[in-house]
Amino acid sequence: MARIVQKYGGTSVGDVDRIKNVAARIKAIRDQGNELVVVVSARAGVTNELIARAKALCAIPSEREMDQLLSIGEQETIALTAMALHGIGVDAVSYTGAQAGISTDKVYTKAKIKTINAKPLINDLKAGRVIIVAGFQGIDDEGQTTTLGRGGSDLTAIALAAAIKADKCEIYTDVDGVYTADPRVVKYARKLSEISYDEMLELASLGSKVMQSRSVEFAAKYNVVFEVRSSFNNNPGTIVKQEVAYMEKVLVRGVAVDKDQAKVVVSNIPDKPGSAAKVFKALANAHINVDMIVQNVGRAGVATLTFTVPLSEKEKAVKAIEIVLQEVGGEVSLDENIAKISVVGVGMKTHSGVAATLFEALAGANINLELISTSEIKISVVIAKEKAEVAARVAHAAFGLDKL
Ligand code: ADP
Ligand code: ASP
Ligand code: MG
């Protein structure tokens, strides 16, 4: 007998037949005598549809109301999944995030999990019940509903696995594992049998939507080993775990593409101490994640700051910067026609020449680099959005990932 947490993503519970398929899979595992906590997402497309409706009514919707709205997507699927299980004779109960004891901070739309009260869940498990938990949501100290950021059901699953000390955590999705690149973009992408937390975290943060980045961060912190696999077949998936020595032999593990970023250019700000600090302080206060910061200093005592922000936060970012610029001077503009391409691998720590190989490959495809940033295990470039797919394929081939 094992205690297992499974998470089924939006496509896996996308309609009634798929929910029946999930229920049958759960029953099979349950019938082998295992204890099961199952996290489900909203049906594929529902969260996006709700966001579109909100934006049609209000350009910058209240974040509290956003969370009230977005949390309903998962509440539909938990109840339906429990009913599907009842229909095939399995004792199951559905819980919202709050009912499952998931307490968060107060940062609406990207709340962090503070604690999980696992006792009632464990009692249910001991009573032989399958527990279905709404992903992506929690409750703050004042009883307000919060959500955990896009893709947040992954985080719910990993945090629950840590809280109930699960033996296994399985993330079921519509691909059978983590690939060297998004298999929808790069035809020759290969499935990885395993990947380190650090590499998975970089890939996720840099746009590989297969896992939510914060969930990987959480897994690394609490050492939750998890497997990414498909709910449509029984193929072995990809194990995500602590780095082991042989992983460094591979120079580049994968390529990530992020088309959900905007480039912000703040020009003509005074080139003196404090200007940049004020801009980034305002963005931090608005909880906006900034990346790839570059500063160019001109001759007339003014500077240009360029950086990227998530596309979904562009209005909020511009609004926050405009307030600062009224005080310090300067202008802000936005370029949405960009994509970020990154190559990631723990092997970069011990090998050189990765940047040269990447830049040469992109130059060979006539792709211009607008911004560059590097860290110990990744190199990212910003390029024109329409070149994103070609760039990903060229980078994938340049590091030999086509032929793994
Ligand atoms: P779910 O709804 O199950 O959470 P997501 O859409 O969030 O599923 O994530 C699965 C998708 O992630 C896949 O359909 C795939 O297109 C995309 N993806 C991006 N990068 C990768 C990668 N490196 N490996 C596998 N899938 C990837
Ligand atoms: N439904 C949420 C989203 O689409 C959470 C998730 O699917 O993990 O972002
Ligand atoms: Mg997802």
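Values in this document were obtained by computation on a predicted structure and should not be read as measured data. (Residues numbered from 1 in each chain as written. Chains lettered and ligands numbered in written order. Predicted model: local features only at pLDDT ≥ 70, side-chain atom pairs only at ≥ 80, totals over all residues. Heavy atoms only, no water.)

As for the side chain of Ser12
As a reminder of what qualifies: Secondary structure follows DSSP: runs of H or I at least 4 residues long count as helices, runs of E at least 2 residues long count as strands, and numbering of each begins at the N terminus. Contacts between residues were defined by any pair of non-hydrogen atoms, one from each residue, lying within 4.5 Å.
Relative to the elements of secondary structure, Ser12 occurs in the loop between strand S1 (3-8) and helix H1 (16-31). Not counting the four nearest positions on each side in its chain, Ser12 is found in contact with Arg18, Ile19, Val22, Tyr172, Thr173, Ser231 and Phe232.

Re the site of ligand 1
Applicable threshold: Any residue with a non-hydrogen atom lying within 4 Å of a molecule or strand is treated as near it. The term polar contact refers here to a pair of N or O atoms within 3.5 Å; inside protein, the definition further demands a hydrogen-donor-capable atom paired with an acceptor-capable atom, and it admits residues adjacent in sequence only when both atoms are side-chain atoms. Computed with the Shrake-Rupley method and a 1.4 Å probe, the accessible areas treat only the protein chains shown as cover for residues.
Close to ligand 1 lie 17 residues; Thr173, Asp174, Tyr179, Asp182 and Arg184 are nearest. Thr173 is positioned such that a nitrogen or oxygen atom in its side chain is 2.7 Å from an oxygen atom of ligand 1. Look at ligand 1: alone it shows 570 Å² of surface, and the protein chains cover 85% of it.

Quick look at unusual backbone geometry
What counts, and what does not: Categorising residues by exposure relies on relative accessible area from a 1.4 Å probe, with only protein chains included: less than 20% of the type maximum marks a residue as buried, more than 50% marks it as exposed, and the intermediate range marks it as partly exposed.
Even without being glycine, Phe136 reaches a positive phi, approximately 75 degrees. Inspection of the secondary structure assignment puts Phe136 in the loop between strand S6 (130-134) and strand S7 (137-139). A relative accessible area of 3% means that Phe136 is categorised as buried. One non-glycine residue with positive phi stands out, namely Met292, at about 55 degrees. Take Met292: it is sitting in strand S15 (residues 291-297). For Met292, a relative accessible area of 5% puts it in the buried group.

Overview of H1
Note the following rule: Here the expected span of a helix is defined as 1.5 Å times the quantity of residues minus one. Working definition: the arc comes from the directions between the helix axis and the C-beta atoms, pointing outward to the latter.
The terminal C-alpha atoms of H1, which comprises 16 residues, lie 22 Å apart, in line with the 22 Å expected from a rise of 1.5 Å per residue. For H1, every residue scored as buried is listed here: Ile19, Val22, Ala23, Arg25 and Ile26. End-on, the buried residues of H1 take up no more than an arc of 160 degrees, which puts them together on one face. For H1, exposure combined with an orientation more than 90 degrees from the buried face picks out Asp17, Lys20 and Asp31. At its buried positions, H1 is contacted by S1, strand S2 (35-40), helix H3 (63-87), S6, strand S9 (168-173) and strand S11 (226-230). N-capping of H1 is provided by Asp15, with a side-chain oxygen placed 3.1 Å from the backbone N of Asp17. Directly beyond the C-terminal end of H1, a positive phi value near 90 degrees is found at Gly33.

With respect to the packing of H1 against H3
Stated formally: Fitted lines through C-alpha atoms give the axes, limited to the stretch in contact for helices. The angle between two N-to-C directions lies from 0 to 180 degrees. Small angles under 35 degrees read as roughly parallel and large ones over 145 as roughly antiparallel, with 65 to 115 read as roughly perpendicular and the rest as oblique. Each crossing gets its hand from how the near helix is turned against the far one by less than a right angle, where anticlockwise is left-handed and clockwise is right-handed. Under the scheme applied here, ten amino acids are nonpolar (Ala, Val, Leu, Ile, Met, Phe, Trp, Tyr, Cys and Pro), four are charged (Asp, Glu, Lys and Arg), and all others, including Gly, are polar.
With their axes 9 Å apart at the nearest point, H1 and H3 run at an angle of 60 degrees to one another. Classified by the interaxial angle, the pair formed by H1 and H3 is oblique. Considering only the axes of H1 and H3, their crossing is right-handed. Judged by residue contacts, Ile19, Val22, Ala23, Ile26 and Lys27 of H1 engage Leu80, Thr81, Ala84 and Leu85 from H3. Residue composition of the contact of H1 with H3, grouped by class: seven nonpolar, one polar and one charged.

Brief notes about the sheet that holds S11
The condition is simple: When DSSP finds at least two bridges between two strands, those strands are taken to pair.
The strand order across the open sheet built from eight strands is S3-S6-S2-S1-S9-S11-S12-S10, with neighbouring strands paired in mixed fashion. The sheet is open, and its two borders are formed by strand S3 (92-95) and strand S10 (194-196), each paired with just one other strand. Adjacent strand axes in the sheet meet at a mean angle of 20 degrees when their direction is disregarded. One ladder, built from four bridges, connects S3 with S6; its direction is parallel. By the bridge assignment for S6, Ala92 is matched with Val130. Across the sheet, H1 is in contact with S1, S2, S6, S9 and S11; its angle to S1 comes to roughly 170 degrees.

Comments concerning the side chain of Thr47
Relative to the helices and strands, Thr47 is located in helix H2 (residues 46-57). Relative accessible area serves as the criterion here: at 9%, Thr47 is assigned to the buried category. Residues contacting Thr47, with those up to four places away along its chain left out, are Ala42, Leu70, Phe136 and Arg150.

A few points about the site of ligand 2
Looking at ligand 2, the residues that line it are Ser41, Ala42, Thr47, Glu74, Phe136, Arg150, Gly151, Gly152 and Ser153. Within the side chain of Thr47, an N or O atom sits 2.8 Å from a nitrogen atom of ligand 2. With the chains in place, 86% of the 270 Å² that ligand 2 exposes on its own is no longer accessible.

Thoughts on the packing of aromatic side chains
Stated precisely, the cut-off is as follows: Ring geometry is summarised as follows: Phe, Tyr and Trp rings, the Trp one being its six-membered ring, pair when their centres sit within 6.5 Å, and such pairs are stacked at plane angles under 30 degrees, edge-to-face over 60 and tilted between the two.
For the structure on display, the rule yields three aromatic pairs. Look at Phe218 and Tyr222: their rings are 4.6 Å apart centre to centre, the planes differ by 35 degrees, and that puts the pair in the tilted class. Pair noted here: Phe218 and Tyr222 are both in helix H7 (residues 213-222), with a separation of four residues, about one helical turn. What makes Tyr222 partly exposed here is its relative accessible area of 46%.

Observations concerning H3
Taking 1.5 Å of rise per residue, the 25 residues of H3 would be expected to cover 36 Å, and the 37 Å separating its terminal C-alpha atoms lies within 8% of that figure. For H3, the side-chain oxygen to backbone nitrogen distance between the N-cap and Arg64 is 3.3 Å, and the N-cap itself is Ser62. Downstream of H3 by a residue or two, Gly89 has a phi angle that is positive, lying close to 80 degrees.

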